Amino acid sequence: MRQFFTFVSKEFRHVFRDRKTMLMLFGLPIAQILLFGFALTNEIKDSKIAILDLAKDPASRAIIEKIASSDQFEIASSLQSQAGIEETFKKGSSNLVLVFPVNFNEDLLGQNSVQIQVIADASDPNEANTLTNYINFIVASYQREELVTEAIPLQIITEIRMLYNPELKGATNFVPGVMALVLMLVCTLMTSVSIVREKENGTMEILLVSPMNPFLVIVSKAIPYFILSLVNLTVILLLSIFLLDMPFNGSYFLFYFESSLLIIAALSLGLLISTSTNSQQAAMLISLMGMLVPTMLLTGFMFPLENMPVPLQLISDIIPSRWYYIIAKSIMIKGLGFAAIWKETLILFSMTVFFLTISFKKFNIRLQ
Amino acid sequence: MDKIVIKTDNLTKRFGDFIAVDTITFDVKEGEIFGFLGANGAGKTTAMRMLCGLSIPSSGEASIGGFDVYREREKIKKNIGYMSQKFSLYEDLTVAENIRFFGGIYGLDSQNLKIKSQEMIQSLGLESQKNKLVASLPLGWKQKLAFSVSIIHEPKIVFLDEPTGGVDPVTRRQFWDLIYTASERGITIFVTTHYMDEAEYCNRISMMVDGKIKAMDSPANLKSQFSAESMDEVFFELARGAQRKAD
C-alpha cells in the first residue's frame, strides 16, 4: 500500500509540475466548451429581421412582440412598403422579412385562415431554413396560446414541439460530445505519454527491477489520470450547466458511473498504445490521430451517423465514445434511468473489459 | 569473503536464430567488484538483464543471492539494486523527492527513509541542492545520486550498466570512490563498462566477445597472461576476432 501511495503522489507531482500537461488537461476542455458554446455553433442568435406590418392590429402586434422578445431575432427595421423589401436584402440589413397582410386580425378571426408572408435570404440555404423554422415555431406558439379560447372549427394545425430541447439549443447536442471527446483524448494521451516517458527515460526498467509488482506500477500510473479525468468532467459539467444553461435531468450517480466506464476504456487504450511504441512523439501522434479524428467525426455530435455510408456506420460502432455519447445524452437531457440505456452500457462495458484485457496481456508479454 | 552471490551455469539467451548470450558460466563472490567487459553488442546488457530478472533466460541456470532466476524473481528483486545505462532518476522531481520515491517503492518506512535520505544528501554534499529539480544538476552529480539511490535499500548486489558513460575522468574517479565505499560495506558490485582504465579498478573482470566469455581473471593476471602493458591491449587482443559488428 505504501508503494502505491508513494507512486501515486509522484505521478501527481509529474502532472502538476508540467505546465504543458496541466494546460492540456484543463485548458483543452475549457477551450472546447467555449469554442463549441460560443463560436462553432449552428444555432442562430439575434438574426436581423425586418417587418412590413400592413395590418397594425392586435394580432400582428402580439406576434411581432413575441419575435422581438425571442433570442433568435432582433428587429432591425420596420418597413413601410413592398418596395423596401428588396432594398433591405440588398443592403444586407436583414436576413428575413415578415409581411402581415391588411386586415390580418379580422381575417384570422373571421375566416379562420390567414397567411403571413415570410421572405428569407436563401443565399445561405441552411440559415434561411433555420430562420423560417424559428418563425413557424413562434407563430405556432402564438396560435396555441392566444387562439385556444376561440371556437375553432375543424382546422388542422401542424403543431411543432421540440422535445427535450424546446429552444433548439446547440449545447444539448455538443456538450455530451465534447465530454466524450475530452475524456477519450485526455485519458488516452496522458496515460500513453506518461508510460512511454518512463520507457524513454529508462526509469521503467528501474521500476521493473524494483520489488514493485508491474501491474501495480500500471494501476498506480492510471489512478491519477482517472481522478483528474473525473475532475475534468466535473469542470465541463459545471461550465455547461452554469455558462451554457445546459439541462441536467438524470442521475448524477449514473452519469459518473458511465463516465468512469469510458475513462477506464480510454486509459486501457492509452496503455495499449504505450506498449506498442517507445517514443513519446509516436505515442502522442497515435493518440491524437487514432482518437481525435474518429471521435470527432464518428461519435455523432458533429455529423449525424444516420446519414453516413454503411461502412462508416460500422466503424463508428467500434468507437467507445459513440456509445458514451448516446448514454450521456439520454441521462443529461432526457433524464432516463439505467433501464433505458442498459444496452449501450453493456456495449461500453464489454469494450472496456476487452481493451483492459488485451492491454494487460500485451504489457505482460513485453515484460518477458 | 568466499560466499558466492552470483552463480551462472551455461546461461543462454536466444532471440530467434540470434544467440545474444552463449552459454556463459561464472561466479561472483560476496563483496567483490566484478567488471563485465565487452564491445558494444557483445551481449553484456542482455546477460545483465537476465540476472536482474528483466529477461527470462532461454536455457542454463543462474542464481542471484541464492535465488533462482526462473522461480524466485520477486525475491531477487528485493536483494538487488540496478542502475541502467540511461540516466534514470526523474528529472522533474527534486533530489529529495527522488530519494523518497525510490525509497518508498523499495518499501522503506518513513522513519528509516528520513535518516537514509539525510545521510545520502550529506555524503554527496547535496545539502544546498536537495530541493532543486534533478534536471538542474550536472551530469556527474546525477550519476552519483543515481548510484546512491540504487543502493538505498542496502541490497546484497548492485548491477551497474555502464554507469559512467559521458562523464569526465575526475567525476568518474569520484564515482569509483562511491563504488569502493559500497563494496567495503559488503555490497557486491557487478559493473559493465567501456573504459579500460575502469577495468583496472575491478577485483576481477570477464571479457565477453560475441556472446561468449573469452577471458576471466584479475586485471593483473590478464595482463600477464596476454603479456600486455594495459587492459586496452588485452581488450584489443580479445576483441579482434569478433564477428559481430558494434551497434
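Residues numbered from 1 in each chain as written. Chains lettered and ligands numbered in written order. Predicted model: local features only at pLDDT ≥ 70, side-chain atom pairs only at ≥ 80, totals over all residues.

K.L.:
In this structure, what is going on with the overall build of chain B? I would like to understand it.
P.N.:
Along chain B, the regular secondary structure elements total 9 helices and 10 strands. The C-alpha radius of gyration computed for chain B amounts to 18 Å, which stays within 12% of the reference 18 Å derived for 247 residues, consistent with globular compactness. Principal-axis analysis of the C-alpha atoms gives chain B an extent of 50 × 40 × 35 Å. Relative to its full complement of 247 residues, chain B shows a buried share of 44%. (Helix = DSSP H or I, 4+ residues; strand = E, 2+ residues; numbered from the N terminus. Rg over C-alpha atoms; globule rule 2.2 N^0.38 Å. Buried ≥ 20, exposed ≤ 12 C-beta atoms within 10 Å, placed from the backbone.)

K.L.:
Just to check I follow, could you spell out the overall build of chain A for this structure?
P.N.:
Scanning chain A from N- to C-terminus turns up 14 helices and 4 strands. Taking 368 residues into account, the globule formula puts the C-alpha radius of gyration at 21 Å, and chain A, at 27 Å, lies well above it. Overall, the C-alpha framework of chain A stretches about 90 × 45 × 40 Å when taken along its three principal axes.

K.L.:
Looking at this structure, I do not really get the pairing of strand E6 (residues 80-83) of chain B. What am I missing?
P.N.:
Residue and element names in this part refer to chain B. Residues Ile80 and Tyr82 line one face of E6 and the alternating positions Gly81 and Met83 line the opposite face, and both faces are buried. Of the strand pairs in this sheet, E6 and strand E7 (residues 157-161) are connected by 4 bridges, and their pairing is parallel. Across the sheet, residue Met83 finds its bridge partner in E7, namely Leu160. (Pairing = 2+ DSSP bridges.)

K.L.:
When you look at the domain arrangement of chain A in this model, what are you seeing that I'm missing?
P.N.:
Bring the parts together and some accessible area is lost; that lost area is often taken as the interface size. Under the domain assignment used here, chain A contains domain 1 (2-40 + 169-367) and domain 2 (47-146). Distance from the C-alpha centre of domain 1 of chain A to the C-alpha centre of domain 2 of chain A: 47 Å. (Domains from an automatic or database assignment.)

K.L.:
I keep staring at unusual backbone geometry and nothing clicks. Help me out?
P.N.:
Across residues other than glycine, the phi torsion is negative in most instances, and most of the peptide bonds are trans. Even without being a glycine, Asp245 of chain A presents a positive backbone phi close to 55 degrees. By the secondary structure assignment, Asp245 of chain A is in the loop between helix H9 (214-242) and helix H10 (252-275).

K.L.:
Would you mind going over the sheet that holds strand E10 (residues 212-217) of chain B with me for this structure?
P.N.:
Across a sheet, strands are paired by hydrogen bonds formed along the backbone, either parallel or antiparallel in direction. Residue and element names in this part refer to chain B. The strand order E6-E7-E8-E3-E9-E10 describes an open sheet built from 6 strands, whose pairing is mixed. Each edge of the open sheet is held by one strand with a lone partner, namely E6 and E10. Neighbour to neighbour, the strand axes of the sheet diverge by 15 degrees on average, direction disregarded. With 5 bridges joining them, strand E9 (residues 204-209) and E10 adopt antiparallel strand pairing. In the strand pairing of E10, Met207 is matched with Ala215. Contacts between helix H6 (residues 169-184) and the sheet are confined to strand E3 (33-38), E7 and strand E8 (188-193), with E8 contributing the most and set at about 150 degrees to the helix. Each of E3, E9 and E10 is contacted by helix H9 (residues 231-239), which is oriented at about 30 degrees to E9, the strand it contacts most. (Axes fitted to C-alpha atoms, helices over the stretch in contact; angles between N-to-C directions. Contact = placed C-beta atoms within 7 Å.)

K.L.:
Whenever I open this one, helix H1 (residues 44-52) of chain B confuses me. Can you help?
P.N.:
Note that an α-helix has 3.6 residues per turn; residues three or four places apart therefore point the same way. Burial runs high along H1 of chain B: 8 of the 9 residues are buried. Where H1 of chain B ends, the next residue or the one after it, Gly53 of chain B, has phi of about 85 degrees, a positive value.

K.L.:
It is not clear to me how the interface of chain A and chain B should be interpreted in this structure. Could you clarify?
P.N.:
Across the contact, 20 residues belong to chain A and 21 residues belong to chain B. For the side of chain A that touches chain B, the elements supplying multiple residues, two or more each, are helix H1 (2-17) and helix H8 (203-209) of chain A. The biggest single contributor to the side of chain A that touches chain B is H1 of chain A, with 8 residues. Partitioned by chemical class, the residues of the side of chain A that touches chain B number 6 nonpolar, 8 polar and 6 charged. (Nonpolar A, V, L, I, M, F, W, Y, C, P; charged D, E, K, R; others polar.)

K.L.:
Explanation requested: the packing of helix H3 (residues 58-68) of chain A against helix H6 (residues 125-146) of chain A in the structure shown.
P.N.:
Helix-helix packing: each pair is described by the crossing angle between the helix axes and the interaxial distance. All names here are of chain A. Relative to each other, H3 and H6 sit at 125 degrees, their axes nearing to 10 Å. If you check the angle between H3 and H6, you find them oblique. When you trace H3 past H6, the crossing you get is right-handed. Mapping the contact onto sequence places Ala62, Ile63, Lys66 and Ile67 in H3 and Ile138, Val139, Tyr142 and Glu146 in H6. Looking at side-chain class alone, the contact of H3 with H6 contains 6 nonpolar, no polar and 2 charged residues. (Parallel < 35°, antiparallel > 145°, perpendicular 65-115°, else oblique. Left-handed = near helix turned anticlockwise from the far one by under 90°.)

K.L.:
How do you make sense of the environment of Asp2 of chain B when you look at a structure like this?
P.N.:
Tracing the backbone shows Asp2 of chain B in the segment before strand E1 (4-15). For the pair Asp2 of chain B and Gly104 of chain B, spaced 102 residues apart in sequence, the C-alpha separation works out to 33 Å.

K.L.:
Explain the packing of H3 of chain A against helix H5 (residues 104-111) of chain A here, please?
P.N.:
Residue and element names in this part refer to chain A. In the contact formed by H3 and H5, the axes pass within 6 Å of each other and the chain directions differ by 105 degrees. What the angle tells us is that H3 and H5 run roughly perpendicular. Side by side, H3 and H5 meet where Pro58, Ala59 and Ser60 of the first sit next to Phe104, Asn105 and Leu108 of the second. Tallied by class, residues from the contact of H3 with H5 come to 4 nonpolar, 2 polar and no charged.

K.L.:
What should I look at first to understand the confidence of the model for chain B in this one?
P.N.:
In low-pLDDT regions, the fine details of the predicted coordinates are not to be read closely. Residue and element names in this part refer to chain B. Averaged over all residues, the pLDDT of chain B is 88; the fraction at 70 or higher stands at 98%. Mean pLDDT in chain B bottoms out at H9, which sits at 83, and peaks at E7, which reaches 93. With a pTM of 0.76, the predicted complex shows an ipTM of 0.85. (pLDDT = per-residue confidence, 0-100.)

K.L.:
I keep staring at the nonpolar core and nothing clicks. Help me out?
P.N.:
Here is a general trend for soluble globular proteins: nonpolar side chains tend to be buried in one another's company. The biggest cluster of nonpolar side chains holds 129 residues, and the ones touching the most others in it are Leu183 of chain A together with Leu51, Phe159 and Ile189 of chain B. Residue contributions to this core peak at 17 residues, all from helix H7 (residues 171-201) of chain A. Once residues within four sequence positions are removed from consideration, Leu51 of chain B is found in contact with Ile6, Ala62, Ile64, Val69 and Phe159 of chain B. Ala50, Phe73, Leu79 and Ala120 of chain A belong to the second largest nonpolar core, which has 15 residues in total. (Core = buried A, V, L, I, M, F, W, Y, C linked by C-beta atoms within 7 Å.)

K.L.:
Where do I start with the sheet that holds strand E3 (residues 96-100) of chain A in this structure?
P.N.:
Residues and elements named next belong to chain A. Across the sheet, which stays open at both edges, the 4 strands sit in the order E2-E1-E3-E4 with mixed pairing between neighbours. Where the open sheet ends on each side, the last strands, each with one partner, are strand E2 (73-79) and strand E4 (117-120). The mean inter-strand angle of the sheet, taken between neighbouring strand axes irrespective of direction, is 25 degrees. Sheet topology places E3 next to E4; 4 bridges connect them, and they run antiparallel. Bridged to Val99 within E4 is Gln117. Across the sheet, H6 touches strand E1 (47-53), E3 and E4, and the angle it forms with E4 is around 155 degrees.

K.L.:
Looking at this structure, how should I read the confidence of the model for chain A?
P.N.:
Residues and elements named next belong to chain A. Scored by pLDDT, chain A has a mean of 82; 90% of the residues are at 70 or more. The weakest mean pLDDT in chain A belongs to H5 at 77; the strongest belongs to H10 at 91. A low-confidence stretch, residues 153-157 stays under pLDDT 50, and its non-local contacts, those more than four residues away or across chains, total 3 contacts.

K.L.:
Can you walk me through the environment of Val193 of chain A in this structure?
P.N.:
All names here are of chain A. Inspection of the secondary structure puts Val193 in helix H7. Classification of Val193 as buried rests on a count of 20 C-beta atoms within 10 Å. Linking Val193 and Ile218, residues 25 residues apart in sequence, is a C-alpha distance of 13 Å. The residues touching Val193, leaving out its near neighbours within four places in the chain, are Gln280, Ala283 and Met284.

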